[in-house]
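Now for the letters of each chain:
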Amino acid sequence: MPVRTPHFPDLLFGSAARLRRWEGALMGLLADHGYRELHPSLVLREAVPEGALRFFDGDELVALRWDFTVALAGLLARSFPTPPDRVAYAGAVFRRPVQPWEAVERFEVGCERIQPEGEPAAEADVELARMLMAIPGLIGLKSAILHLGNAALVRRPLEAEGLFGELADAVVAALSRRAPHRVREALDGHPSAARLSAHAEALLSELDGPGTLSALESSPYASLLEEERSHMDRALKTLLPILPPNLELRVDLADVAGLGFYTGPTLRLWAPGAQQELAAGGRYDRLFPDLGRPWQAAGFCVRLSRLLDLAATRPDLFEEPR
Amino acid sequence: MNQTLLIAFPKGRLGDELVPKLAGTPLALDTAALKSRVLRIPTATPGVAALLLKGADLPRYVAAGVASLGIVGSDTLDEMDMDLLELADLGFGACRLSLCAKTGVTLEDLRAKPHLRLATKFPKATEAWLSREGLTAELVPLSSSAELAPLLGLADAIVDLVQTGGTLKAHGLVETAVLGRSSARLVAARGAYLSEPGRIRPLADMLLGALKAKA
């Protein structure tokens, strides 16, 4: 008799109503900004990615949809010679959990902004940040924190030093732990050890808002990353004046989560006291070229399952629904 | 909601080193509670309490956000690979993760064995070392008293933590290779640290300051 079964969440009345209400409000917000809904199939019949839930359909190995972004990208690449610029989605994904207490079925709402290669992307990045800023108010979160990061702050120095494979993974894992001493350990004896260690110290030095960007000045890669820094600076100057009350904006230079996927600016939404991020996204310009389409893309996903858990365990973080 | 901040402290060898270091600091543990069987101990700072946990359980409490901070050996961290932030190498509790065999047995003797058996409670670190060395071995999982395994024929050698070497010597064992080094690390819950840095960073600074003052 198995003692551990995959956790597919059942939602009772209040939670089910909350899910529908949030889903509707978020899809409404996206529709108001010109995002049109796509609904990719629940069953993937292409190559089954690692982490997917696999099963056999007759003799054929198939899997459940494990990520909207990948499923949408396949659908868009097959269906359109030029990309629809704004798409949205809502539904469940089925992912193999890292921890035994995590649910397999997770509810999400998200969006994607797609452009032909070479088009300026800064405006699209700010558009996504502005929409994400509206979400705490829409779902009744009393206060929230938006972290702005940029995957290129780590990716570009690693590439410039010719660091790939296991060693690059070790540096990224150390940065993910926010452990500069681990970066030094991982790079021990490598010609770029001093430079990359100093860079890690700069990335990890602050997490306190706009002033954090100046920490980049002490990095040996400050000039290499000038474009990223000015991009983040411009985004901050645009977003800070329109920051809603009860939303805090922070710069997180050491955000490396999903570094294999994200190529530029990243966005993460937290609530004070939440143990996991509630929404996440960013720029991922390599996804469509890998599918044979010269398009660039950015998007975010709101993790409704985590929000439902938070509402159940920390109701004090939410306003009473009207 | 103004909840008590919890710090997870290790029991055992690392805890024995840690608790005296905190005496007289804002994070000194309540001595009366420490002598009782209570596992949640008030500190000298109101609103901050310590949880006393076994090293192997401690990372789970921090990763789940139950405790905002914790102190744990890097050997345990590497073995469990939990999603934790590792804010500092605290320097104390230094030891080696070593391959140990009966006196007179060399690394070459072990390499030459057609079927090598290693007893350990560190299978992940041992597998990584075997892979680097191009060796294969049968791993015998043990959770304590590993020194007995080579003496009683359960394994050819052990992979275990060595601090002074006294226990090894007492059992007629010697180190034949060092697989890695370990020391105490300050860890933080990712969610607590990133969503409430205004609460958690001052606590981390207080802990680092207390340990530095006693260094």
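The model shown is predicted, which means the values in this text are computed figures rather than measured ones. (Residues numbered from 1 in each chain as written. Chains lettered and ligands numbered in written order. Predicted model: local features only at pLDDT ≥ 70, side-chain atom pairs only at ≥ 80, totals over all residues. Heavy atoms only, no water.)

1. A few points about the overall build of chain A
Thinking step 1. Per the secondary structure count, chain A includes 10 helices and 11 strands.
Thinking step 2. The principal-axis extents of the C-alpha atoms in chain A amount to approximately 55 × 50 × 50 Å.
Thinking step 3. Counting over 322 residues, chain A shows a buried share of 54%.
Thinking step 4. Restricting the contact set of chain A to residue pairs at least 6 apart, pairs at least 24 apart contribute 67%.
Thinking step 5. Total accessible area on chain A is roughly 14,900 Å²; 54% of this is exposed by carbon and sulfur atoms.
Thinking step 6. Computing the positive centroid from 35 side-chain charges and the negative centroid from 44, chain A places the two 3 Å apart. (Helix = DSSP H or I, 4+ residues; strand = E, 2+ residues; numbered from the N terminus. Buried < 20%, exposed > 50% of the residue type's maximum accessible area, 1.4 Å probe, protein only. Contact = heavy atoms within 4.5 Å. Areas by Shrake-Rupley, 256 points an atom, 1.4 Å probe, with all protein chains shown as cover. Lys, Arg positive; Asp, Glu negative; His and termini not counted. Charge placed at Lys NZ, Arg CZ, Asp CG, Glu CD.)

2. Here we look at the overall build of chain B
Thinking step 1. If you tally the helices and strands in chain B, you get 10 helices and 11 strands.
Thinking step 2. Projecting the C-alpha coordinates of chain B onto the three principal axes gives extents of approximately 60 × 35 × 30 Å.
Thinking step 3. Across chain B, the fraction of contacts at a sequence separation of at least 24, relative to all contacts at a separation of at least 6, is 67%.
Thinking step 4. By element, 54% of the accessible surface of chain B is carried by carbon and sulfur atoms, the whole surface being about 10,000 Å².

3. Details of the pattern of salt bridges
Thinking step 1. Applying the stated rule across the entire model yields 35 salt bridges over all chains.
Thinking step 2. Across the pair Glu159 of chain A and Arg286 of chain A runs a salt bridge whose closest N-O atoms are separated by 3.3 Å. Taken together, the positions of Glu159 of chain A in helix H4 (residues 152–160) and Arg286 of chain A in the loop between strand S10 (279–283) and helix H9 (287–290) put the pair 127 residues apart, joining distant regions of the chain.
Thinking step 3. Residue Glu159 of chain A is classed as partly exposed on the basis of its relative accessible area, which comes to 35%.
Thinking step 4. Among the residues examined, Arg286 of chain A registers a relative accessible area of 42% and is labelled partly exposed.
Thinking step 5. Residue Arg250 of chain A is joined to Glu248 of chain A by a salt bridge in which the shortest nitrogen-to-oxygen separation is 3.0 Å.
Thinking step 6. If you follow the salt bridges from partner to partner, you end up with Arg177, Arg182 and Glu185 of chain A together with Asp78, Asp81, Glu86, Asp89, Lys124 and Arg185 of chain B in one network. (Salt bridge = Lys/Arg side-chain N within 4 Å of Asp/Glu carboxyl O.)

4. What about the sheet that holds strand S9 (residues 157–162) of chain B?
Each strand in a sheet pairs with another by means of backbone hydrogen bonds, the pair being arranged parallel or else antiparallel.
Residues and elements named next belong to chain B.
Thinking step 1. Judged by pairing direction, the sheet is mixed, and its five strands sit side by side in the order S8-S7-S9-S6-S10 without closing on themselves. Where the open sheet ends on each side, the last strands, each with one partner, are strand S8 (138–141) and strand S10 (173–182). On average, each strand axis in the sheet is tilted by 30° relative to the strand beside it, whichever way the strands run.
Thinking step 2. Relative to S10, helix H6 (residues 123–133) is tilted by about 100°, and along the sheet it contacts strand S6 (95–102), strand S7 (117–120), S8, S9 and S10. (Pairing = 2+ DSSP bridges. Axes fitted to C-alpha atoms, helices over the stretch in contact; angles between N-to-C directions.)

5. Details of the UniProt feature "domain: ATP phosphoribosyltransferase catalytic" (unreviewed entry) in chain B
Thinking step 1. Within the UniProt annotation, "domain: ATP phosphoribosyltransferase catalytic" (unreviewed entry) is assigned to residues 56–207 of chain B.
Thinking step 2. End-to-end, the C-alpha atoms of residues 56–207 of chain B are 21 Å apart, and along that stretch the chain is 37% helix and 32% strand. (UniProt positions renumbered as here; feature names shortened; annotations may be inferred.)

6. Describing the interface of chain A and chain B
Thinking step 1. Counting from both sides, the interface comprises 24 residues of chain A and, opposite them, 27 residues of chain B.
Thinking step 2. Note on chain A versus chain B: buried area summed over both sides is about 2,000 Å², and carbon and sulfur give 46% of it.
Thinking step 3. The three residues of chain A that bury the most area against chain B are Arg177, Arg178 and Gln275 of chain A, which together make up 30% of that side's buried surface.
Thinking step 4. A salt bridge links Asp81 of chain B to Arg177 of chain A, with the shortest nitrogen-to-oxygen separation between them at 3.8 Å.
Thinking step 5. The interface formed by chain A and chain B contains nine residue pairs in polar contact (both at pLDDT 80 or more).
Thinking step 6. For the side of chain A that touches chain B, the secondary structure elements donating two or more residues are strand S7 (144–150) and helix H6 (180–187) of chain A.
Thinking step 7. The element contributing the most residues to the side of chain A that touches chain B is H6 of chain A, with three residues.
Thinking step 8. Of the residues assigned to the side of chain A that touches chain B, the class counts are eight nonpolar, seven polar and nine charged. (Buried area = accessible area lost by both parts, 1.4 Å probe. Polar contact = N/O pair within 3.5 Å; in protein donor to acceptor, adjacent residues only side chain to side chain. Nonpolar A, V, L, I, M, F, W, Y, C, P; charged D, E, K, R; others polar.)

7. A short note on the side chain of His181 of chain A
Thinking step 1. Tracing the backbone through its elements, the reader meets His181 of chain A in helix H6.
Thinking step 2. Classification of His181 of chain A as buried rests on a relative accessible area of 9%.
Thinking step 3. Residues within four places of His181 of chain A in sequence aside, it is in contact with Glu86, Leu87, Ala88, Asp89 and Arg185 of chain B.

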